[in-house]
Amino acid sequence: MALTPQQLERHKRHILLKEIGGPGVQKLLDARISIIGAGALGGPCAMYLAAAGVGEIEIWDNDVVDRSNLQRQVQFTEEDIGQSKVARLAQRLKAAAPDVRVLERQQRWSEAYKLAGSILIDATDNFETRFVLNRAAHALGRYLVSGAATRWSGQISVFASGVQPGAPCYQCFVPETPPDAEACEDAGVVGPVTGIVASHMALETLKLITGAGRPLIGQIGIIDGLGGISRTVKLNPDTDCPVCGG
Ligand SMILES: [Zn+2]
């Protein structure tokens, strides 16, 4: 289907890039993604992807907006306090990109629920859901774009064990819940670090959809906010991994 004059104008800066172009924009318009978590990672990630023209965005979160969220969850305002994160984010996305279909799931995702997207985005804040989502992505054969941020540091990767045999999964990276695991609520986190991770997650998703560049598969991107540096480390598959090993 040809792009409309409005779409050509809206997406001009992507069309100008040889790695995206008109065909890439069409792929974005046809794409369906699922984001688990509508907070500091899921919110800005969803906004960039909606602005890029992603056709369908499913968002899962059972939380309501709290004043303490506003330091980093820039998709919300004071007026949103006490309201559903998914409902308020959906409204922001539709205002920014009127053509986007938003599937609002005002509940905590669990493996009892189907996921609509062909790319899954892990923007959660707890290990339990991360492990279950990783198992689901592997079993369903879908890409899992995963990000995390705490204090001054962030991590980002694309797990593709269900799509590319031999690629590591999340559990190859984090075999079990770390003993010192603490929620962001207890640890603190710098707002712009969550923004960097969220933008990077949107970037990796855009690359997967359009085929541009080289996605962060088998690698972990690490952001050190205090040092002002970012680096990439290699991640090998774990042959004993309970999800993708053997
Ligand atoms: Zn694995």
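The rules behind these values
Residues numbered from 1 in each chain as written. Predicted model: local features only at pLDDT ≥ 70, side-chain atom pairs only at ≥ 80, totals over all residues. Helix = DSSP H or I, 4+ residues; strand = E, 2+ residues; numbered from the N terminus. Rg over C-alpha atoms; globule rule 2.2 N^0.38 Å. Buried ≥ 20, exposed ≤ 12 C-beta atoms within 10 Å, placed from the backbone. Contact = placed C-beta atoms within 7 Å. Pairing = 2+ DSSP bridges. Axes fitted to C-alpha atoms, helices over the stretch in contact; angles between N-to-C directions.

A count of helices and strands for the protein chain gives 9 helices and 8 strands. Taking 2.2 N^0.38 as the reference for a compact globule, 246 residues should give roughly 18 Å; the C-alpha atoms of the protein chain span a radius of gyration of 17 Å, in line with that estimate. Residue burial in the protein chain is summarised as follows: out of 246 residues, 42% are buried. Summarising the internal contacts of the protein chain: among those between residues at least 6 apart in sequence, 66% fall at separations of at least 24.

So, about unusual backbone geometry. Phi is positive for Arg151, close to 50 degrees, though the residue is something other than glycine. By the secondary structure assignment, Arg151 is in the loop between β5 (143–150) and β6 (153–159). Residue class for Arg151 comes out partly exposed when judged on the 13 C-beta atoms lying within 10 Å of it.

The pairing of strands in a sheet happens through backbone hydrogen bonds and is either parallel or antiparallel. Taken in spatial order, the 8 strands of this open sheet run β3-β2-β1-β4-β5-β6-β7-β8, and their pairing is mixed. In the strand order of this sheet, the two ends are held by β3 (101–105) and β8 (229–234), each with one partner. For this sheet, the mean inter-axis angle between neighbouring strands, taken without regard to orientation, is 15 degrees. As defined by bridge partners, strand β4 (residues 119–122) adjoins β5 across 4 bridges and the pair is classed as parallel.

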